[in-house]
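What follows is the residue order along each chain.
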Amino acid sequence: MNIEQELLNRSDSSCELCKSTQDLTVFEVSPSDGSIEQVALLCNKCKTQFEDDSFLDENHWFCLSDSMWSTVPAVQVLSYRMLKKLGNQDLLDMMYLEDDVRAWAEAGISKIEDGVVHKDCNGVVLNAGDTVTIIKDLDVKGAGFTAKRGTAVRNISLTSNPEQIEGRVNGVKIVILTQYLKKS
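The structure contained in this document is the topic of the report that follows. (Residues numbered from 1 in each chain as written. Predicted model: local features only at pLDDT ≥ 70, side-chain atom pairs only at ≥ 80, totals over all residues. Heavy atoms only, no water.)

So, the packing of aromatic side chains
In this description, an aromatic ring pair is defined by two values, namely the gap between the centres and the angle between the planes.
Part 1 of the argument: Scanning the entire structure with this criterion turns up two aromatic pairs.
Part 2 of the argument: Between Phe-50 and Trp-61 the ring centres are 5.6 Å apart and the planes differ by 80°, which places this aromatic pair in the edge-to-face class. Of the two residues, Phe-50 sits in helix α2 (residues 44-51) while Trp-61 sits in the loop between α2 and α3 (64-67), which places them eleven residues apart along the sequence. For the pair Phe-50 and Trp-61, one class covers both residues: buried.
Part 3 of the argument: Linked through ring pairs, Phe-27, Phe-50 and Trp-61 together constitute an aromatic cluster. (Phe/Tyr/Trp six-rings, centres within 6.5 Å; stacked < 30°, edge-to-face > 60°. Helix = DSSP H or I, 4+ residues; strand = E, 2+ residues; numbered from the N terminus. Buried < 20%, exposed > 50% of the residue type's maximum accessible area, 1.4 Å probe, protein only.)

Take a look at the structure:
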C-alpha cells in the first residue's frame, strides 16, 4: 500500500484539516523524512494557503477548531502553524502538543520573519510563544486597568513592528512595547 492510499484510509478520503473531499493531494510537513507520520492529505485550497500567504482566507480556517484535536501529529503541526499565521491566540492557548510535536511545529515557523527581530529591554531576542515579564506599571488604554510590574505574559505573539508584541494580561489581549519587557 502506498502513502497516498494509507492517507486516504486514515482520513476517510477527505482533507485532514477542512474535511473537503475535492482535489486531495499529499502534503509533506517540513522538516520531514517523507514517512506517513510526517505527511497529511490536504485539499487544494488548504495546500495553496500553506504554500502562499497571499491567498490566506481566514473564513476557511474555522475548521481548525476541530482539526487541532486530531491525534495525527502532522495534522496537529499544520493546525498549530496556521493558527500562528492567523494570530488566533485563543485556540493556540487551548491546544495541547507533546514537546516533540511542538518542537517540530516551531521548527517549520520562521522565528525571525522578514528580517524583523524583537528584543526585550536587555537586548535578548524574543520568539513567539515566549514568556516575558513586565518591568514597569503600564496603563492599558481602553481597557481600564494597569498592567502591574512583575506580571508574567505567557505565550506572546510577535507583530510586524519589532518594538511591539501581543500578549494577554488579565484575560485581555494587548499590545506591549518591548522596551518594558524582559524575557523570563
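Past the structure itself, the notes keep going.
Concerning the sheet that holds strand β5 (residues 132-134)
Part 1 of the argument: Across the sheet, which stays open at both edges, the three strands sit in the order β8-β5-β12 with antiparallel pairing between neighbours. Every other strand in the sheet has two partners, leaving β8 (152-153) and β12 (181-183) as the edge strands with one partner each.
Part 2 of the argument: Pairing of β5 with β8, which is carried by two bridges, proceeds in the antiparallel orientation. Its bridge partner lying in β8, Val-132 is registered against Val-153. (Pairing = 2+ DSSP bridges.)

Remarks on the nonpolar core
Part 1 of the argument: One finds Leu-17, Leu-42, Phe-50, Trp-61 and Leu-78 to be the most contacted residues of the largest nonpolar core, which totals 33 residues.
Part 2 of the argument: Contributing elements (two or more residues each) for this core: β1 (24-28), β2 (39-43), α2, α4 (73-86), α5 (89-94) and α6 (99-107).
Part 3 of the argument: The leading source of residues in this core is α4, at seven residues.
Part 4 of the argument: With near-sequence residues (within four places) excluded, Leu-42 lies in contact with Cys-15, Leu-17, Asp-23, Leu-24, Thr-25, Phe-27, Lys-47, Phe-50 and Leu-78.
Part 5 of the argument: In terms of nonpolar packing, the next biggest core, distinct from the first, is built from 14 residues, Ile-134, Leu-138, Phe-145 and Ile-176 among them. (Core = buried A, V, L, I, M, F, W, Y, C linked by side-chain atoms within 4.5 Å. Contact = heavy atoms within 4.5 Å.)

A look at the environment of Asp-130
Part 1 of the argument: Position of Asp-130 relative to the elements: it lies in the loop between β4 (125-126) and β5.
Part 2 of the argument: Separated by 23 residues in the primary sequence, Asp-130 and Val-153 place their C-alpha atoms 8.5 Å from one another.
Part 3 of the argument: Here Asp-130 is in contact with Val-125, Val-153, Arg-154, Asn-155, Ile-156 and Lys-183, once residues within four sequence places are set aside.
Part 4 of the argument: Reaching out from Asp-130, the side chain makes a polar contact with the backbone nitrogen of Asn-127 at a distance of 2.7 Å. (Polar contact = N/O pair within 3.5 Å; in protein donor to acceptor, adjacent residues only side chain to side chain.)

Overview of the side chain of Gln-89
Part 1 of the argument: Residue placement: Gln-89 occurs in helix α5.
Part 2 of the argument: Take Gln-89: its relative accessible area is 5%, and that puts it in the buried class.
Part 3 of the argument: Apart from residues no more than four positions distant in its own chain, Gln-89 is found in contact with Asn-155, Ser-157 and Lys-173.

Considering the environment of Thr-131
Part 1 of the argument: Along the chain, the position of Thr-131 falls in the loop between β4 and β5.
Part 2 of the argument: The exposure class assigned to Thr-131 is partly exposed, which follows from its relative accessible area of 27%.
Part 3 of the argument: Between the C-alpha atoms of Thr-131 and Ser-20, which are 111 residues apart in sequence, the distance is 37 Å.
Part 4 of the argument: In contact with Thr-131, other than residues within four places in its own chain, are Ala-152, Val-153, Arg-154, Asn-155, Lys-183 and Ser-184.

Side note on the sheet that holds strand β9 (residues 157-158)
Part 1 of the argument: Here we have three strands laid out as an open sheet, ordered β9-β10-β11, and antiparallel in their pairing. Of all the strands in the sheet, the pair left with one neighbour each is β9 and β11 (172-177).
Part 2 of the argument: Relative to β11, strand β10 (residues 164-169) runs antiparallel, the two being bridged by six bridges. What sits directly across from Arg-168, in β11, is Lys-173.

Looking at a negative patch on the surface
Part 1 of the argument: Where like charges cluster on the molecular surface, the negative patch consists of Glu-6, Glu-28, Asp-33 and Glu-37.
Part 2 of the argument: In this structure, Glu-28 sits in strand β1.
Part 3 of the argument: The partly exposed category is assigned to Glu-28, whose relative accessible area is 46%. (Patch = residues over 30% accessible without salt bridge, like charges linked within 9 Å, V, L, I, M, F, W, Y side chains within 5 Å. Areas by Shrake-Rupley, 256 points an atom, 1.4 Å probe, with all protein chains shown as cover. Salt bridge = Lys/Arg side-chain N within 4 Å of Asp/Glu carboxyl O. Lys, Arg positive; Asp, Glu negative; His and termini not counted. Charge placed at Lys NZ, Arg CZ, Asp CG, Glu CD.)

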